[in-house]
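Okay, here's what each chain looks like letter by letter:
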Amino acid sequence: MIQKILLRIVFFLTLSVSFVFASGDSSFDGCFPHQGYGASPIALGSAYTAISNDILSLYWNPAGLAEIKSRQLITQQYDLGGLGITHSVLSFGAGQKGRGWAVSWNRLEPTNTWGYSYQEDTFAFGTGKKINSLQLGLSAKGYHSYLKSAEETDRKWSLGLDLGLIFNHNASRFGIATRDLISLPAPGVAREYSLGYAWIGSSQVLALGIDFQGQARTLKLGFEYQLLDSVAIRCGLRGADLTAGVGFTFQNINIDYAFSNNSMGKSNIFTYQLSF
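## Side note on the pattern of salt bridges
- Tallied over the full model, the rule gives ten salt bridges.
- One salt bridge in this structure joins R234 and E224, with 2.7 Å as the shortest N-O distance. With R234 in strand β11 (residues 231–238) and E224 in strand β10 (residues 216–228), this pair connects stretches of sequence that are ten residues apart.
- Overall, R234 belongs to the buried group, its relative accessible area being 11%.
- You can call E224 buried: its relative accessible area is 15%.

## Quick word on the nonpolar core
- The biggest cluster of nonpolar side chains holds 30 residues, and the ones touching the most others in it are Y37 and I51.
- Mapped onto this core, the elements with two or more residues apiece are α2 (39–43), α3 (57–60), β1 (72–79), β2 (85–96), β3 (99–110) and β9 (204–213).
- With residues up to four places along the chain from it excluded, the contact list for Y37 reads I42, L56, L58, Y59, W60, I74, Q76, H87, V89, S104 and N106.

## Quick notes on the confidence of the model for the protein chain
- Overall, the prediction assigns the protein chain a mean pLDDT of 88, with 86% of residues at 70 or greater.
- Low pLDDT (under 50) marks residues 5–27, which in the prediction has 42 contacts with non-local residues, meaning those over four places away or in another chain.

## Quick notes on the pairing of strand β12 (residues 241–250)
- The pairing of β11 with β12 spans eight bridges and is classified as antiparallel. Paired with V231 across the strands is F248, a residue of β12.
- Counted along the chain from β11 to the antiparallel partner β12, the turn is two residues long, and its residue G239 has a positive phi close to 65 degrees.
- Sheet topology note: the β12/strand β13 (residues 253–262) ladder contains eight bridges and is antiparallel. When the bridges of β13 are listed, V246 appears paired with Y257.
- Between β12 and β13, which follow one another and run antiparallel, lie two residues, and Q251 among them has a positive phi close to 55 degrees.

## Comments concerning the side chain of T49
- Relative to the elements of secondary structure, T49 occurs in the loop between α2 and α3.
- Excluding anything up to four places from it in sequence, T49 contacts W60, N61, I166, G175, I176, A177, S194, L195, G196 and K220.

## Regarding the environment of I253
- By the secondary structure assignment, I253 is in strand β13.
- Since its relative accessible area comes to 36%, I253 is described here as partly exposed.
- Excluding residues within four positions of it along the chain, I253 makes contact with F248, Q273 and L274.

## Concerning the layout of surface pockets
- The computed volume of the largest pocket comes to approximately 740 Å³.
- Residue lining of the largest pocket: 33 residues in total, with H34, Q35, G36, R238 and N262 positioned closest to the centre.
- Those elements giving two or more residues to the lining of the largest pocket turn out to be α3, β9, β10, β12, β13 and β14 (265–275).
- Among the residues forming the lining of the largest pocket, the class breakdown is twelve nonpolar, 14 polar and seven charged.

## Notes on the packing of aromatic side chains
- For the coordinates displayed, the defined rule picks out nine aromatic pairs.
- Here the aromatic rings of Y48 and W60 are separated by 6.3 Å at their centres, their planes lie at 70 degrees, and the arrangement is edge-to-face. A residue pair is termed long-range when its members are at least 10 positions apart, and Y48 in the loop between α2 and α3 and W60 in helix α3 qualify at twelve residues. Assigned by exposure class, Y48 and W60 land together as buried.

What counts as what
- Residues numbered from 1 in each chain as written.
- Predicted model: local features only at pLDDT ≥ 70, side-chain atom pairs only at ≥ 80, totals over all residues.
- Heavy atoms only, no water.
- Salt bridge = Lys/Arg side-chain N within 4 Å of Asp/Glu carboxyl O.
- Helix = DSSP H or I, 4+ residues; strand = E, 2+ residues; numbered from the N terminus.
- Buried < 20%, exposed > 50% of the residue type's maximum accessible area, 1.4 Å probe, protein only.
- Core = buried A, V, L, I, M, F, W, Y, C linked by side-chain atoms within 4.5 Å.
- Contact = heavy atoms within 4.5 Å.
- pLDDT = per-residue confidence, 0-100.
- Pairing = 2+ DSSP bridges.
- 1 Å grid on protein atoms, 1.4 Å probe; cavity = no way out; pocket = protein on both sides within 12 Å on 5 of 7 lines; lining within 4 Å.
- Points joined across faces, edges and corners; volume = space filled by probe spheres on them.
- Nonpolar A, V, L, I, M, F, W, Y, C, P; charged D, E, K, R; others polar.
- Phe/Tyr/Trp six-rings, centres within 6.5 Å; stacked < 30°, edge-to-face > 60°.

Here's what the structure looks like:
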């Protein structure tokens with residue numbers, strides 16, 4: 001409880017200071033520009049760069065959008081780390097014959113802002129294409145943050161461009177993704193690179209990955225086992241943080257759950273996906 005209170009205090013102090021020092025600068029300086037979503041990737045320790053093959057690829061690696069074979073709709077909402085910060089996601093996409101696309105809206109919003117009103121939104125559109133064993137993808141994003149207090153109202157905007165690539169060889173997949181390769185206006189959002197490898201068997205998936213952002217390096221491991229045709233269990237490691245989850249499939253409906261325990265706290269995440 002004390003840790004959560006301290007984290008909330010640090011969050012709101014960071015939020016206040018960032019807007020004070022950024023006054024007059026129109027670039028985006030939000031708190032959560034690279035907050036991933038989707039219970040399945042998170043349960044796998046976020047080692048999803050090479051696995052990406054559905055609508056969630058819009059965030060993790062847009063090259064995976066090439067594998068969408070139907071219309072897909074996902075929704076997600078949970079309390080980030082139990083800190084009273086609501087993370088909401090709504091995304092829709094479609095594809096066929098080695099081409100796919102998706103759009104998404106992603107919002108983080110504190111529910112108790114101690115006199116502040118704050119929202120952080122990301123709007124994204126991406127597309128992917130498959131060329132033999134190679135998949136290529138890109139996505140364009142608009143970041144928007146909104147802060148309102150008794151003294152002032154402040155809005156920030158930024159644009160970002162992500163690129164992705166996946167190479168398939170038998171049961172192995174290799175993935176590369178760059179988030180915010182281009183970010184305007186400068187300095188914009190910090191660039192992030194992701195490398196990944198995945199081995200996909202008949203009932204098991206093993207995934208490895210590493211993220212680079214500035215001088216920071218984060219190793220990622222993920223494992224999935226198809227327990228039944230309709231049930232998959234997952235576990236992962238992101239840096240020193242353990243993750244776990246389970247997925248259920250009912251005809252064209254997927255319900256995925258992930259448990260994440262990191263520096264921001266413990267999160268219970270549900271993602272609902274409809275294919276039609």
